[in-house]
Amino acid sequence: SNTDKLSRCSMSGFHNAPVSKGLMGLSAIATITCSAMKVGKLLELDSEGLLGRRQVWRVITYQFFFSTASELILGMVLMYTFRQFERHWGSKKFGAFVVVAKTLSAIVGTGTLFFQRSWRQSLVMQVASGPYGLIFASLVQYYFEIPVSQSMQMFGLNFSNKSFIYLLAVQLSCSLSRPSQLAAASGILTGIMYRWNVLGLRKYMLPTWIYRLSSALFLPFLDGPTDAAARPLQGRPRVQQRHADNGAHRQSGDHGLLQRQPGRAAEPRRSDAAAMANLASMGFHDVERNQRLLDRHNGDVNRVVEELIGS
């Protein structure tokens, strides 16, 4: 059935999410490498290394690796869940969100360490290593943008299909006590600023030349066979796809190769199927309503999502 197809498509790995795939791969490789070479202490963001020894590179390097294997597993699950934002926004806007989240969370974490040293306080001596800023900034967007599709009661408490993600986030924020709590708080603050569009953050996009250069260098390694095969179809204008599909139907019909069976609905266009899969992955499972809104907005997924959230 169509519902079964959408369920399979909604779990189609990193389809239309190459940036997320690259970030997860980089985090895993960096974590394993730092652990094997035992260089994490030279790259983490702590008060002594940054402010005492003036090792400013720590502001950048600490965001690429986790300190422990448990953090890595939790982080991977959460980042995999949040890949749906790249599908919704597109890689260009999602890439800008990654830069904003990492930059602002690093500023907040560094500022906290600096003010503590100035006030001669030692509540938190370091910021937990890893892409905490990106993860918890994404968690804020997840809370506001992804609707609840299933709910249940257990022991008198209300749970939803989103509760598991929140529990994982709480566990990650408590992994290293205060350092991980500071990193999580920096990410949440960054996510709120992005959500409220402070300084116009939501309109930022990656420069075209960076997007093209990154696509040329990394996309061949990050794309799966399904993504590569689907891109030419997604890149074609919707009107051209309709004309091509209609021409194919007419041509096949003239030769008797394609005939409609009585009482059988027409197969959805592949472009519609991709859009429906994206909507399903974001928690919108009403197939008929999604198709109706796609037809109304000429296949514009962003406008469909805005109407679904606003209704």
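Residues numbered from 1 in each chain as written. Predicted model: local features only at pLDDT ≥ 70, side-chain atom pairs only at ≥ 80, totals over all residues. Heavy atoms only, no water.

Caption draft 1: Region of the structure containing the overall build of the protein chain. When helices and strands are tallied, the protein chain shows 17 helices and four strands. Within the protein chain, the proportion of its 311 residues that are buried is 41%. The long-range fraction of contacts in the protein chain, counting pairs at least 24 apart against all pairs at least 6 apart in sequence, stands at 72%. (Helix = DSSP H or I, 4+ residues; strand = E, 2+ residues; numbered from the N terminus. Buried < 20%, exposed > 50% of the residue type's maximum accessible area, 1.4 Å probe, protein only. Contact = heavy atoms within 4.5 Å.)

Caption draft 2: Layout of unusual backbone geometry. Of note, R54 is a non-glycine position whose phi angle comes to about 60°, a positive value. Summarising the element assignment, R54 is placed in the loop between α4 (47–52) and α5 (58–61). For R54, a relative accessible area of 64% translates into the label exposed.

Caption draft 3: Just the packing of helix α6 (residues 69–81) against helix α10 (residues 163–173), in detail. Two numbers describe how α6 lies on α10: the axes approach to 10 Å, and their chain directions differ by 145°. When the axes of α6 and α10 are compared, the crossing they make is left-handed. Across from E71, L74, G75, V77, L78 and T81 in α6, the residues of α10 making contact are I165, L168, A169, Q171 and L172. When its residues are assigned to classes, the contact of α6 with α10 shows seven nonpolar, three polar and one charged. (Axes fitted to C-alpha atoms, helices over the stretch in contact; angles between N-to-C directions. Left-handed = near helix turned anticlockwise from the far one by under 90°. Nonpolar A, V, L, I, M, F, W, Y, C, P; charged D, E, K, R; others polar.)

Caption draft 4: Just helix α9 (residues 132–145), in detail. Counted at 1.5 Å a residue, the expected span for α9 with its 14 residues is 20 Å, and the 20 Å between its end C-alpha atoms agrees. Along α9, twelve of the 14 residues are buried, which leaves the element largely enclosed by surrounding structure. Residues Y132, G133, L134, I135, F136, A137, S138, L139, V140, Q141, Y142 and E145 constitute the buried set of α9. (Expected span 1.5 Å × (residues − 1).)

Caption draft 5: Main features of the nonpolar core. With 43 residues, the main nonpolar core has L78, F82, I135 and F136 as its most contacted residues. Looking at this core, the elements that each hand over two or more residues are α2 (18–37), α4, α6, α7 (84–89), α8 (91–118), α9, α10 and α11 (178–195). No other element matches the eight residues that α8 contributes to this core. Setting aside its immediate chain neighbours within four residues, F136 contacts A169, L172, S173, A184, G187 and I188. The next biggest cluster of nonpolar side chains, apart from the first, holds ten residues, and it includes A275, L293, L294 and L308. (Core = buried A, V, L, I, M, F, W, Y, C linked by side-chain atoms within 4.5 Å.)

Caption draft 6: Highlighting the pattern of salt bridges. Tallying each qualifying case throughout the model produces four salt bridges. R195 is the salt-bridge partner of E145, the closest N and O atoms lying 3.2 Å from each other. One end of the pair, E145, is in helix α9; the other, R195, is in helix α11, with 50 residues separating them in the sequence. Residue R195 is classed as partly exposed on the basis of its relative accessible area of 27%. Across the pair R202 and E145 runs a salt bridge, and its minimum N-O distance is 3.8 Å. Here E145 lies in helix α9 and R202 lies in the loop between α11 and α12 (208–222), a separation of 57 residues in the sequence. Under the relative-accessibility criterion, R202 is labelled partly exposed at 24%. Here the residues in one salt-bridge network are E145, R195 and R202, joined through shared partners. (Salt bridge = Lys/Arg side-chain N within 4 Å of Asp/Glu carboxyl O.)

It is worth stressing that arrangement in space is one thing and function is another; only the former is reported here.
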